[in-house]
Amino acid sequence: MASLSVKPGQRFTLPDWQNNSLLISADAEQQRFNSHHIRQEGRALRNETGNQAKWDEHNSRTQLEDRITSVDRWREALARCLTDIDLEIDALTKVKEAAENAIQAKNLWLDVAIECLTFRESRRDIDVVRDPVEEELHREVKVIEKTKRELQQRVDDAFRQLCLLKEARQLLNSDYRHKVEALELDRQCMSFNPTSGNISFKVNPTRIPEGSTALSEWEQNSRCNKERADAEIKASVDLRGAITLTIAQTSNELDAQRIAAEFALRKRMRDMEAALNELRWQEQNTLEEIAEMEEEIRQLEEDIRRRTLDLKVAHTRLETRTYRPHIELCRDQAQYGLTDEVQQLEATIRALQQKRTESQDALDALYRQLHRIRTDIGYKTNSLQLDNKCMDTRRKLVVPVEQFEPEVDAVNRTRDLPRKSQLELA
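Since the structure is predicted, the reported quantities are computational estimates derived from the model, not experimental observations.

So, how was this worked out
- Residues numbered from 1 in each chain as written.
- Predicted model: local features only at pLDDT ≥ 70, side-chain atom pairs only at ≥ 80, totals over all residues.
- Heavy atoms only, no water.
- Helix = DSSP H or I, 4+ residues; strand = E, 2+ residues; numbered from the N terminus.
- Areas by Shrake-Rupley, 256 points an atom, 1.4 Å probe, with all protein chains shown as cover.
- Salt bridge = Lys/Arg side-chain N within 4 Å of Asp/Glu carboxyl O.
- Buried < 20%, exposed > 50% of the residue type's maximum accessible area, 1.4 Å probe, protein only.
- UniProt positions renumbered as here; feature names shortened; annotations may be inferred.
- Contact = heavy atoms within 4.5 Å.
- pLDDT = per-residue confidence, 0-100.
- Phe/Tyr/Trp six-rings, centres within 6.5 Å; stacked < 30°, edge-to-face > 60°.
- Lys NZ or Arg CZ within 6 Å of the ring centre and 35° of its normal.
- Core = buried A, V, L, I, M, F, W, Y, C linked by side-chain atoms within 4.5 Å.

(A) Region of interest: the overall build of the protein chain. Scanning the protein chain from terminus to terminus reveals 6 helices and 0 strands. Mapped in sequence order, the helices and strands of the protein chain form the string α-α-α-α-α-α. When the accessible area of the protein chain is evaluated, it comes to approximately 30,600 Å², of which 54% is carbon and sulfur surface.

(B) Focus on the pattern of salt bridges. Applying the stated criterion to the full structure yields 22 salt bridges. One salt bridge in this structure joins Arg223 and Glu219, with 3.0 Å as the shortest N-O distance. With a gap of 4 residues between them, Arg223 and Glu219 both fall in helix H3 (residues 215–248), about one helical turn apart. According to the relative accessible area criterion, Arg223 is partly exposed, its value standing at 30%. Note that Arg298 and Glu295 form a salt bridge whose closest N and O atoms lie 2.6 Å from each other. With a gap of 3 residues between them, Arg298 and Glu295 both fall in helix H4 (residues 254–321), about one helical turn apart. What makes Arg298 partly exposed here is its relative accessible area of 46%. When its relative accessible area of 33% is taken as the criterion, Glu295 is described as partly exposed.

(C) The arrangement of the UniProt feature "coiled-coil region" (unreviewed entry) in the protein chain in detail. UniProt's feature table lists "coiled-coil region" (unreviewed entry) at residues 134–161, 269–310 and 335–369, given in the numbering used throughout. With 100% helix and 0% strand, residues 335–369 has end C-alpha atoms that lie 50 Å from one another.

(D) Representation of the side chain of Asp72. Take Asp72: it is sitting in helix H1 (residues 14–121). Once you skip the residues sitting within four places of it in the chain, Asp72 turns out to touch Leu183 and Arg187.

(E) Inspection of the confidence of the model for the protein chain at higher detail. On average, residues of the protein chain score 77 in pLDDT, and 74% of them reach the 70 mark or higher. The element-level mean pLDDT for the protein chain is lowest in helix H6 (residues 416–425), coming to 34, with H3 highest at 88. pLDDT under 50 marks residues 250–258. Its contacts with residues more than four places away, or in other chains, come to 15 contacts. Considering only residues more than four positions removed or in separate chains, one finds that residues 396–426, a stretch of pLDDT under 50, has 38 contacts.

(F) Quick peek at the packing of aromatic side chains. Evaluation of the coordinates by the stated rule reveals 0 aromatic pairs. Between Arg67 and the ring centre of Trp218, over which it is positioned, the NZ or CZ distance is 3.8 Å.

(G) Layout of the nonpolar core. Ile85, Leu92, Leu165, Leu172, Ala229 and Ile243 are the most contacted members of the largest nonpolar core, which totals 21 residues. Every element with two or more residues in this core is listed here: H1, helix H2 (132–191) and H3. Setting aside anything within four residues of it in sequence, one finds Leu165 in contact with Ile85, Glu88, Ile89, Leu92, Glu232, Ile233 and Ser236.

(H) Examining the environment of Gln353 more closely. Within the secondary structure layout, Gln353 lies in helix H5 (residues 333–394). Classification of Gln353 by relative accessible area gives partly exposed; the value is 32%. As for Gln353 and Leu300, which are separated by 53 residues in sequence, their C-alpha atoms are 7.9 Å apart.

Next comes the structure, spelled out in structure tokens:
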């Protein structure tokens, strides 16, 4: 009789089978719910990030446009300032050349005036007089020399002002070129878009570049450059007016200048004599103070020597007491007293040495001051002698010309004679 074979293995019950189906269905619904939730979140995130990216790009583009407008406005202002400063440099250069030409022209006038005076020195007998012509020639020489000095000063001022203008122009030009380059780069940034072929990831693009400046510093730099250029242009305009006025100036009266010079010279001599008396008094007082300071230093050194001997005694006493035997080697009042004495003596010696150093420095300063006083006395004595010689030389203005003996014949004069004549005319 045949029998039914049974496969070996686990047998599930019907409730297990039903529960498994329900679990699969529940898991599928949960997974679909999770997927739908994620899809909704992804869609919201895409919308949010897309809008944020568009807004950020729009904001960056707007800021770039504002920056380009600001830089371009400064570029135009600097360009106008550069044009103005170039025009002013040309104008000041022409005025400076005019002043130099005026100085060159005065050389011929001075040679003619001195030559006329030299020729008139050859007059003889009754014709050798101080007549109005000679006075006018003297006046002309003074006026020409004064005019040349003033013109030369103006030329020097113009040269310095040109240097300042060119320096300001260099700063302006550098700032202008930097702004042109910055505009080109910012406009290139404006042209970038996601389809551009030259975009790529960069290493640490958000870093702060070395040498970066604040916006206020950037604007202050441009403002300072422009204000400096404007100030130099204004100074140059004023200087051009002063140079033009100086070129057009005429001479002053010779007699008034001579009286003022002699009055000032006499007053200077009186002041020099008073200064010499004051210096001699200071010299005497300084010598006395030096003597007293030297004596004080000797006393300080003697006190240092005495205190040093006292310190040696105290040291010897302390060292000797270290050989006391056994229990006798105690820190008694004598030990403390000797220790205090050593410390006090050392402090005293340091104070005396410090005071000796200060006294020596003061003595050296006194000697330096004495040297300065004596040197100044020598200078002022020499200056007083020179002023006396100047007064003696100025007396030649009232001495008859025939009493002077010229070094060289007036007809065969050299270039040194006009300078000699100028000194005598002074």
